[in-house]
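Now for the letters of each chain:
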Amino acid sequence: MKKNINFRNFYVKPKLPENLESLNILAENLWSTWNPNAYKLFSRIDPILFRKFNHNPVRLIQKVPTEKLVKLSQESGFLNELDSVYKQFISYKDHKGYYLEDGKRKKFDNDFQIAYFSMEFGLHESLPIYSGGLGILSGDHLKAASDMGLPLIGFGLLYRYGYFNQKIDLNGKQAEVYNENEWHSKPIKKVIDKNGEDLVIKIKIRDEIIFLKAWEIQVGKISLYLLDANIGKNKLHHRKITDYLYVSDREMRILQEIVLAFGSLKLIEKLKIKPTVYHLNEGHSAFLIIKRLNDLMNSNDFSFDEAREVIRLSTVFTTHTPVPAGNEAFEMELVRHYFSDEIKETKMSFEQFTNLAKINNNNDFSLSVLAIKFAKYINGVSKLHSIVSKEMWNPIYSNICEDEMPIDSITNGVHIPTWLSRQMSTLFDRYIGSNYEHNADEETIWKNILNIPDIEIWEAHQQRKQQMITFIRERLRSSLMYKSSEFATSEKIKNVLSPDKLIIGFARRFATYKRANLILMDKKRLLKLICDPKKPVQFVFAGKAHPADEFGKSMIKEIIDFAKENQVEDSFVFIEDYDMNVARHIVQGVDVWLNTPIKPKEASGTSGMKAGINGVMNFSILDGWWPECYSPDNGWSIIAGSQQADQQIRDAMDANEIYDILESEIAPTYYKRNKNRIPSRWIKMMKHSIHDVGKGFNVHSMLREYLNKFYLHISKDVKNISDDNYKYLKHLNDIESKLQNNWQKVKFVNMDINIQDSETINSGDVIKINAKIYIDGLDEKLLKVELFNKNEENEFNIYELSFAMKEKNIATFEGEFTIKSSGKQSYNIRIRPNQTDLVEYYEYVKWYY
Ligand SMILES: *Cc1c(COP(=O)(O)O)cnc(C)c1O
């Protein structure tokens, strides 16, 4: 074709025979990517094409020859199957959502609506708009909301190129390949306005207009809206805003996050959606707080404080990053450049406002800090991560104890239908009933797992393992790093990985802290394990390094080089281009899932949960979610180096423990067979893994926690605050201004307490307190005086003193408290506002000592 001829594209939708119309409906809803029957149905049309198109049903239907479709339309077997899957889909869509309160099922209010914002969504391998765990979690969150009938809508960006595809070159180096997404052949549609035209919204940034096209993905019953800047109306520079996920260029990045925040709010307005809850999944979308401030102040005539209060009561912020550097922050000048007008509108000076997004002496504008200051409901993604987050954000709440900080923990979970193998899924259906699709969070169903006969679990697993091995061999055959080598042409590739030998899996982003190369610490010892004649251990690795992360790339190379240099390429394997498809194969097919992060840098980690529900045992540093699940019955823990400050010593100790456990526990348990030649102790552990992980870490349970801890409260709070023309809001505001006026002068003037510093008392003794406080004209009802008592484990109890009398602005509070527990204890006495709905109530806390 001549290069100088310009062609214009147009797209043709396939015409399906009439009785196959429902196939289109199924293809366009992601439900069919996680429902095993729908998957089988599409696979039946053409299994090879289906695989080739990355299991994308829309593309499959476009590409299957018409004759084939006509033939299928005349096959009663196929029509029956289609009918049955379609009926299942309809009944899924009709399943009504509910929530449990006092054990009773209740419906959601009609006007209850959750808006969920995320930079990435990992929904399916054919939609490469995710990079790692954060995206997968967002995807699973939407799927669970659909299963449970929760009224939730997702908002994100549509990336023209998305995240890169990984190719490994002949030297074992990662190269990044960006493929343009062909949206017309994916399960996504443009949003159409009432005139039948593509819906395009406008946002203004400084003096420029950016146009954004809206797209929609149907995730079961949930809509996910994505914004696309790549349209002709935009300036060239702006067209590129949504090109790449996590661009390194800071200017581009801030533009992306402005588009995510301001664009989503604009779309919400355009679609006449009225969110009750604004859930910011990680800080990337936090600029929407600024826009909401402007909107609330302009349209409701609210003061800054009032608008802030309204935002706070309706905002959920989930943080995912336990290291300060991982949290998104921008240079102040960049923020000034883009936001000076919007900030002016808040009637605050630039400095006053940006102080709300700063921590310690850092001069950057932190989106996480902004989100924390504007959200009443905040959570980390595991118990440990919430503790670490409290330490990290402690300066924001300098007047209250770390343990008291309002950073809750809701541990991540995984969407079982998405991550469970078809073989295991059949067993689940048979032994616990197919309803777990809707009610995986009902704990009682899980005990049935323990009744599955050993042989059935083992056979299901062996089938998966074999399928994974076939998949890996195909991948290797087509990858450049082997194509030209003698390895690929020889018979050797047929011997890569044996299903009869133990396989350890490791697949995740190659971020430094995850230490993918830790296992290479003592190469001799590792080789001995791999080459053991009786109890050999095999390894599979996969994962992408961020394009700018040279160290991550060197870890990949180290793994590949090790296998080559020692000629163990058949049992120490790296497969390229990690994505959801590779992830599914590996978490379903290996025997053990290894995770070696530097504690406490793994906020949660969900790949181990995916493995766990498939009967793949976790072997992991006690970090993220694993301490909440681990028991000697369901996996192994690595703890040796956790307390070491010196990183090298720590690495060495952790690596040693890994070899020890592999040699003395994992391999012997795996290879010990009973008279039926199956490893019964191993299978017992598999069942416990499925049971414990399934029961505790399914995403339905996670969502129910968000619902009960956050969403439902917000629903009440928002009503409460807006009723009667925002009466309660005005009331809070009154209190706040009174406190503001008098607080400075409030102080303890006398304290009588019947214990001395460092005195030893007896359990059961009574502590008597009489506190006189100067309250400077404040109503004493606005204040609370408390005894704060904690033990050595930092568990605390708070006892309230009662008001006794007031004379000349001096109020007396008193109380008697019996100390029950024993050991070293500490206490203090403090004054604080009675009302914790106040925006910065923690600013008004005064301690006696
Ligand atoms: C599950 C998953 C992750 C998250 O893995 P971690 O355990 O958090 O490291 C990352 N990428 C893909 C493709 C996944 O499926």
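Quick notes on the rules
- Residues numbered from 1 in each chain as written.
- Predicted model: local features only at pLDDT ≥ 70, side-chain atom pairs only at ≥ 80, totals over all residues.
- Heavy atoms only, no water.
- Axes fitted to C-alpha atoms, helices over the stretch in contact; angles between N-to-C directions.
- Helix = DSSP H or I, 4+ residues; strand = E, 2+ residues; numbered from the N terminus.
- Left-handed = near helix turned anticlockwise from the far one by under 90°.
- Contact = heavy atoms within 4.5 Å.
- Nonpolar A, V, L, I, M, F, W, Y, C, P; charged D, E, K, R; others polar.
- Near = heavy atom within 4 Å.
- Polar contact = N/O pair within 3.5 Å; in protein donor to acceptor, adjacent residues only side chain to side chain.
- Areas by Shrake-Rupley, 256 points an atom, 1.4 Å probe, with all protein chains shown as cover.
- Pairing = 2+ DSSP bridges.
- Buried < 20%, exposed > 50% of the residue type's maximum accessible area, 1.4 Å probe, protein only.
- Core = buried A, V, L, I, M, F, W, Y, C linked by side-chain atoms within 4.5 Å.

Novice: Quick question: what am I supposed to make of the packing of helix 11 (residues 288-300) against helix 13 (residues 332-345) here?
Specialist: The relative placement of two packed helices is expressed as an angle between their axes plus a distance between the axes. In contact at an axis separation of 9 Å, helix 11 and helix 13 are set at 35 degrees when each is read in the N-to-C sense. The element helix 11 and its partner helix 13 pack so that their crossing is left-handed. Residues Ile 290, Asn 294, Met 297 and Asn 298 of helix 11 form the contact with helix 13, whose own contacting residues are Phe 339, Glu 342 and Glu 345. A breakdown of the residues in the contact of helix 11 with helix 13 according to their chemical character gives three nonpolar, two polar and two charged.

Novice: Would you mind going over the site of the ligand with me for this structure?
Specialist: Around the ligand, a shell composed of 14 residues is seen, among which Arg 508, Lys 514, Thr 606, Ser 607 and Lys 610 lie nearest. Thr 606 has a polar backbone atom sitting 3.2 Å from an oxygen atom of the ligand. With respect to the ligand, the side chain of Ser 607 contributes an N or O atom lying 2.5 Å from an oxygen atom. With the chains in place, 95% of the 390 Å² that the ligand exposes on its own is no longer accessible. When contributions to the shell around the ligand are tallied by element, the ones reaching two or more residues are helix 8 (133-148), helix 25 (580-589) and helix 26 (607-613).

Novice: I would appreciate a short explanation of the sheet that holds strand 30 (residues 846-847) in the present structure.
Specialist: Think of a sheet as strands paired side by side through backbone hydrogen bonds, with each pair either parallel or antiparallel. One open sheet holds the four strands; their spatial order is 26-25-29-30, and the pairing between them is antiparallel. The sheet terminates laterally at strand 26 (796-800) and strand 30, the two strands that pair on one side only. The pairing of strand 25 (residues 783-791) with strand 29 (residues 825-833) spans nine bridges and is antiparallel. What sits directly across from Asn 789, in strand 29, is Tyr 827.

Novice: How should the sheet that holds strand 27 (residues 802-807) be read in this particular structure?
Specialist: A sheet is described by the order of its strands in space; here four strands give the open sequence 23-24-28-27, paired in antiparallel fashion. Every other strand in the sheet has two partners, leaving strand 23 (747-753) and strand 27 as the edge strands with one partner each. Across the sheet, the mean angle from the axis of one strand to that of its neighbour is 20 degrees, orientation sign disregarded. Where strand 27 meets strand 28 (residues 810-818), five bridges bridge the pair, whose relative direction is antiparallel.

Novice: Please clarify how the side chain of Asn 29 should be interpreted in this entry.
Specialist: With respect to the helices, strands and loops of the structure, Asn 29 is situated in the loop between helix 1 (21-27) and helix 2 (31-34). Its relative accessible area of 1% is what places Asn 29 among the buried residues. There is a polar contact of 2.8 Å between the side chain of Asn 29 and the backbone nitrogen of Gly 220. Ignoring any residue separated from it by four or fewer positions in sequence, one finds Asn 29 in contact with Phe 89, Lys 93, Gln 218, Val 219 and Gly 220.

Novice: Would you explain the nonpolar core in this entry?
Specialist: Core analysis: the biggest nonpolar cluster contains 181 residues, and Phe 287, Phe 339, Phe 365 and Tyr 711 have the highest contact counts within it. Ranked by the residues each element gives to this core, the list is headed by helix 30 (residues 699-742), at 16 residues. Excluding its chain neighbours within four sequence positions, the residues that come into contact with Phe 365 are Phe 287, Ile 290, Glu 328, Ala 329, Phe 330, Met 332, Val 335, Phe 353, Thr 354, Ala 357 and Leu 370.

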